[in-house]
Amino acid sequence: MPKKRRNGGRSKKNRGHTNGVPCTHCGRIVPKDKAIKRYTVRNMVDASSLRDIKDNRAFENFSIPKLYTKLQYCISCGIHLRVVRVRNHEVRRSRAPPVRVFKREEEHKTVTN
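Computed from a predicted model, the values in this text were never measured in an experiment.

1. Observations concerning the overall build of the protein
Within the protein, the secondary structure is distributed over four helices and four strands. Along its sequence from the N terminus, the protein presents helices and strands in the succession β-β-β-α-β-α-α-α. In summary, the protein has a C-alpha radius of gyration of 20 Å against a globular reference of 13 Å for 113 residues, an excess of more than 25%. Dimensions of the protein, computed from C-alpha atoms along their principal axes, come out at roughly 65 × 30 × 25 Å. Looking at the protein residue by residue over its 113 residues, the buried ones come to 12%. When contacts within the protein are restricted to residue pairs at least 6 apart in sequence, long-range pairs at least 24 apart make up 60% of them. Measuring between centres, the 29 positive side-chain charges of the protein sit 19 Å from its 9 negative side-chain charges.

This is the structure:
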């Protein structure tokens, strides 16, 4: 039988067994090494409320805390939510890290004079 992936879809090397973690989206228990993991950092409040808070704050150097969450998806939810994509045979074999896209804040700001 041909082997589809070099690691069998897991990052468990000579470990035998790994604990399960619940999927963030559907709650399915997935092996920890097989889960698709993403770490997100978000503001606690949305942009419009953040602007109102900055206008009416008493302290100038006060920073609003952020929400740090680790999201762990099963394969089905990762594909369904487009966290990861299905890749063809040649691209699947490449061991190079994917190209990262950085969003710049300067492009999103509007210039007012």
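2. Quick word on the nonpolar core
Grouped together as the largest cluster of nonpolar side chains are nine residues: Val21, Cys23, Val30, Ala35, Ile36, Leu71, Tyr73, Cys74 and Cys77. When residues no more than four places from it in sequence are discounted, the contact partners of Val21 are Arg28, Ile29, Val30, Lys32, Ala35 and Gln72.

3. Side note on the pattern of salt bridges
Counted under the stated rule, the structure contains one salt bridge. The residue Asp33 makes a salt bridge to Arg10 at a minimum N-O spacing of 3.0 Å. Here Asp33 is found in the loop between β2 (29–31) and β3 (36–43), whereas its partner Arg10 is found in the segment before β1 (20–22), with 23 residues between them in sequence. Exposure remark for Asp33: the relative accessible area of 10% places this residue in the buried category. Note on Arg10: relative accessible area 23%, which makes it partly exposed.

4. Focus on a nonpolar patch on the surface
On the surface, Tyr39, Val41 and Tyr68 cluster together into a nonpolar patch covering about 360 Å² of accessible area. Tracing the chain through its elements places Tyr39 in strand β3.

5. Quick word on the environment of Ser76
Among the structural elements, Ser76 can be located in helix α2 (residues 75–80). Taking the C-alpha atoms as reference points, Ser76 and Cys26, separated by 50 residues in sequence, lie 9.4 Å from one another.

6. Observations regarding the environment of Lys54
Structurally, the position occupied by Lys54 is in helix α1 (residues 47–55). Between the C-alpha atoms of Lys54 and Thr24, which are 30 residues apart in sequence, the distance is 32 Å.

7. Quick word on unusual backbone geometry
Note on backbone geometry: most residues besides glycine have negative phi, and most peptide bonds are trans. Positive phi, normally seen in glycine, also occurs at Asn14, with a value near 60°. As for its placement among the helices and strands, Asn14 is situated in the segment before β1. Taking relative accessible area as the criterion, Asn14 reaches 84% and is therefore assigned exposed. With a phi close to 60°, Arg82 is a non-glycine residue in the positive phi region. Within the secondary structure layout, Arg82 lies in the loop between α2 and α3 (89–93).

The rules we used
Residues numbered from 1 in each chain as written. Predicted model: local features only at pLDDT ≥ 70, side-chain atom pairs only at ≥ 80, totals over all residues. Heavy atoms only, no water. Helix = DSSP H or I, 4+ residues; strand = E, 2+ residues; numbered from the N terminus. Rg over C-alpha atoms; globule rule 2.2 N^0.38 Å. Buried < 20%, exposed > 50% of the residue type's maximum accessible area, 1.4 Å probe, protein only. Contact = heavy atoms within 4.5 Å. Lys, Arg positive; Asp, Glu negative; His and termini not counted. Charge placed at Lys NZ, Arg CZ, Asp CG, Glu CD. Core = buried A, V, L, I, M, F, W, Y, C linked by side-chain atoms within 4.5 Å. Salt bridge = Lys/Arg side-chain N within 4 Å of Asp/Glu carboxyl O. Patch = residues over 30% accessible without salt bridge, like charges linked within 9 Å, V, L, I, M, F, W, Y side chains within 5 Å. Areas by Shrake-Rupley, 256 points an atom, 1.4 Å probe, with all protein chains shown as cover.

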